[in-house]
Amino acid sequence: MTGANKGIGYGVAKHLGMSGWQVILGARDAQRAEKAITQLKSSGVDVLGWVNIELRDLSSLEQAAKEIEERYPELSLLVNNAGIPGDMSVDSQHTELRDIKETLDVNFVGTFALTKALMPLLTKNHGRIVNVTVPSEISPYWHPLAYVASKAAQNALMGVMAIEFQQAGTPLEIFSVHPGPTTTDLNGNMALPGFHDIDTVGRKMAELINDGQSHQGEFIELYPIVKED
Ligand SMILES: NC(=O)c1ccc[n+]([C@@H]2O[C@H](COP(=O)([O-])OP(=O)(O)OC[C@H]3O[C@@H](n4cnc5c(N)ncnc54)[C@H](OP(=O)(O)O)[C@@H]3O)[C@@H](O)[C@H]2O)c1
């Protein structure tokens, strides 16, 4: 579970853990990771440990995957949750190229690199990959370019991999989940009507992951994007 030290990742880790999963946190700061581990353990979650995952540092991701393979050879679920918002305050004309690149680097390139590096182990374990995202279809209510473009690329990655897994008979599943507007640091802890808290979203996402169904190639929306007044 990447980005598991706070926000939606923390909520999903908690509810997956409470439903019986052993959890490995991906985080990039030891103190934040340890704090989350203490909190998760106090909720009864069996946390195996944490791994340093910095999605902007591609060479470190190879290293992280090797570490996971050695320490946690039974890994069967990767939740690609870590992500950044980019600058959501500007329209496309005023979006900085640097912002486009940085947001793509984390939400698409880094997410792809980690997924690619963990694919051999996940395939061996007949595992699953779950991406946390937003719809590719552009909402009239909310459409920050850097963020939406990076997630559309991530959604394309999911669709391509799902078709490849099916066509090649690879024992791997991948699908995407849109949690809907959720009160987290990503949006300045916005709590308008239509927003949900990380516990609500975490519980719903854990239920989905545990439902025993195949979701290969699906885009599943837990809650829709709403007009922010
Ligand atoms: N909140 C929403 O309304 C909403 C709606 C739809 C989809 N999502 C998606 O849900 C996911 C989680 O977002 P959130 O709302 O929970 O945001 P959040 O509270 O800001 O959490 C983001 C997480 O990603 C990690 N992260 C950020 N940059 C990273 C990097 N370069 N390498 C590794 N980890 C990194 C953060 O770690 P640090 O603590 O170290 O910064 C943090 O754990 C994102 O993919 C987001 O796009 C959110």
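In case you missed it, the structure is sitting above this.
Residues numbered from 1 in each chain as written. Predicted model: local features only at pLDDT ≥ 70, side-chain atom pairs only at ≥ 80, totals over all residues.

1. Here we look at the site of the ligand
Of all residues adjacent to the ligand, which total 29 residues, the nearest are G3, G7, G83, T184 and L186. Looking at the shell around the ligand, the element that brings in the most residues is helix α1 (residues 7–18), giving three residues. Class assignment for the residues of the shell around the ligand results in eleven nonpolar, eleven polar and seven charged. (Near = placed C-beta within 6 Å. Helix = DSSP H or I, 4+ residues; strand = E, 2+ residues; numbered from the N terminus. Nonpolar A, V, L, I, M, F, W, Y, C, P; charged D, E, K, R; others polar.)

2. Overview of unusual backbone geometry
In this model, H126 sits at a positive phi of 50 degrees, which is unusual for a non-glycine residue. You can see H126 is positioned in the loop between α4 (97–124) and β4 (128–132). With 11 C-beta atoms counted inside 10 Å, the residue H126 sits in the exposed group. (Buried ≥ 20, exposed ≤ 12 C-beta atoms within 10 Å, placed from the backbone.)

3. Focus on the environment of V12
Tracing the chain through its elements places V12 in helix α1. For V12, a count of 30 C-beta atoms within 10 Å gives the class buried. Separated by 200 residues in the primary sequence, V12 and G212 place their C-alpha atoms 17 Å from one another. Among residues more than four places away in sequence, those in contact with V12 are M1, V79, N81, G202, M205 and A206. (Contact = placed C-beta atoms within 7 Å.)

4. Some thoughts on the packing of helix α3 (residues 58–71) against α4
Axis separation between α3 and α4 bottoms out at 9 Å; the angle between their running directions is 30 degrees. What the angle tells us is that α3 and α4 run roughly parallel. Crossing of α3 over α4 shows right-handed handedness. Side by side, α3 and α4 meet where L58, L61, E62, A65, I68 and E69 of the first sit next to G110, A113, L114, A117, L118 and L121 of the second. Here the contact of α3 with α4 is composed, by residue class, of nine nonpolar, one polar and two charged. (Axes fitted to C-alpha atoms, helices over the stretch in contact; angles between N-to-C directions. Parallel < 35°, antiparallel > 145°, perpendicular 65-115°, else oblique. Left-handed = near helix turned anticlockwise from the far one by under 90°.)

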